[in-house]
Amino acid sequence: MSTNSYFAKFLRFIGILLMALTGGFTLLGGIGTFCAAVFPQKYESMSGLIRYQGLYILFMLGTIAIGVWQIWAAIKLIKGTPDAYLLSIKALVAGAVLGGFHIYASRMLRGKSMPVDMVVYTTLFTLAVFLLFRIPIIWQGVDFAKAKAGENKIAGGAASILLGLLTLTIQFTMGSTHTWGGVNYADAFNISMTVIGIGLLLFGAGIFVSLRKVKETALKFQVQQ
């Protein structure tokens, strides 16, 4: 498979998109654990976690850290750095392992583990896709480090816009899996989420605008030549 083939470009686009969304989903999942980890005594449905508050604080901090790690890996994929793929695999494996422990602990302590399950399933799916990328015949074309400079910015812009939409709607899209005892734990930090979501939308749109201007400038230059 050629590095510059449309199929290789499409696979790189999908890989970057999945990595960025997984990172964003993991980060939001960690932030969403804040109330249960820090203030379990305030909610009757979380009273069983009071004795294990320290453990859940570790889950929260670890999940946030891994979410940031995964987003950083996505940025490296966009830049096409040589260590981007391996960094992505490590970040995904770390997310799957920590998420697995979180699921086990939640099922043992409160009888259910949602919404952690969704974060872990997303992580495992992305990990499976990235492992498939490593099949030699596929890797010849997908290798992120061989992409042309700036080629992956389209995927970065799309990922930023989708993350912005996810951030702005998380309290609605995740409400069904984050509601216990009539409390929607996803409906939190509304002002911060709104600011971050709008910022991501504008950043993604800015990438597309800049790419269009670069393309128009290149076309004008060719015409002048």
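Please read these numbers as outputs of a predicted model, since none were measured by experiment.

Engineer: So, the overall build of the protein chain: which residues are in play, and what are the values?
Structural biologist: When helices and strands are tallied, the protein chain shows 8 helices and 2 strands. Ordered by position from N to C terminus, the α and β elements of the protein chain give α-α-α-α-α-α-α-β-β-α. A buried classification covers 42% of the 225 residues belonging to the protein chain. Intrachain contacts of the protein chain at a sequence separation of at least 6 include 74% that bridge at least 24 residues.

Engineer: Could you give an account of the pattern of salt bridges, naming the residues involved and the relevant values?
Structural biologist: This structure, assessed with the given rule, holds 2 salt bridges. Of the charged contacts, one joins R107 and D117 as a salt bridge, the two residues approaching to 2.8 Å between their closest N and O atoms. Taken together, the residues span a long stretch of sequence, with R107 in helix α4 (residues 84-110) and D117 in helix α5 (residues 116-133) at a distance of 10 residues. Its relative accessible area of 46% is what places R107 among the partly exposed residues. Given a relative accessible area of 3%, D117 falls into the buried group.

Engineer: Describe the nonpolar core, naming the residues involved and giving the relevant values.
Structural biologist: If you look at the biggest cluster of nonpolar residues, it comprises 26 residues, and the most contacted ones within it are M19, L77, Y85, F130, F133 and F144. Those elements that provide at least two residues to this core are α1 (6-32), α3 (53-79), α4, α5, α6 (136-142) and α7 (153-173). Those residues in contact with M19 that lie beyond four places of it in its chain are Q70, A73, A74, L77, S88, A91, L92, T126 and F130. Within the second largest apolar cluster, 5 residues are counted, among which are F59, I66, L98 and A105.

Engineer: Can you break down a nonpolar patch on the surface residue by residue, with the values?
Structural biologist: A grouping of V93, V97 and F101 is seen on the molecular surface, where their side chains present a nonpolar patch of about 270 Å² in accessible area. Take F101: it is sitting in helix α4.

Engineer: Please provide a residue-by-residue account of the packing of α1 against α5, values included.
Structural biologist: Packing of α1 against α5 leaves a shortest axis separation of 10 Å and a crossing angle of 155 degrees. Relative to α5, the element α1 is oriented roughly antiparallel. Handedness of the crossing formed by α1 with α5: left-handed. Counted together, L11, G15, L18, M19, T22, F25 and T26 of α1 and M118, V119, T122, T123, F125, T126, V129, F130 and F133 of α5 form the full contact between these two elements. Of the residues assigned to the contact of α1 with α5, the class counts are 10 nonpolar, 6 polar and no charged.

Definitions and limits used
Residues numbered from 1 in each chain as written. Predicted model: local features only at pLDDT ≥ 70, side-chain atom pairs only at ≥ 80, totals over all residues. Heavy atoms only, no water. Helix = DSSP H or I, 4+ residues; strand = E, 2+ residues; numbered from the N terminus. Buried < 20%, exposed > 50% of the residue type's maximum accessible area, 1.4 Å probe, protein only. Contact = heavy atoms within 4.5 Å. Salt bridge = Lys/Arg side-chain N within 4 Å of Asp/Glu carboxyl O. Core = buried A, V, L, I, M, F, W, Y, C linked by side-chain atoms within 4.5 Å. Patch = residues over 30% accessible without salt bridge, like charges linked within 9 Å, V, L, I, M, F, W, Y side chains within 5 Å. Areas by Shrake-Rupley, 256 points an atom, 1.4 Å probe, with all protein chains shown as cover. Axes fitted to C-alpha atoms, helices over the stretch in contact; angles between N-to-C directions. Parallel < 35°, antiparallel > 145°, perpendicular 65-115°, else oblique. Left-handed = near helix turned anticlockwise from the far one by under 90°. Nonpolar A, V, L, I, M, F, W, Y, C, P; charged D, E, K, R; others polar.

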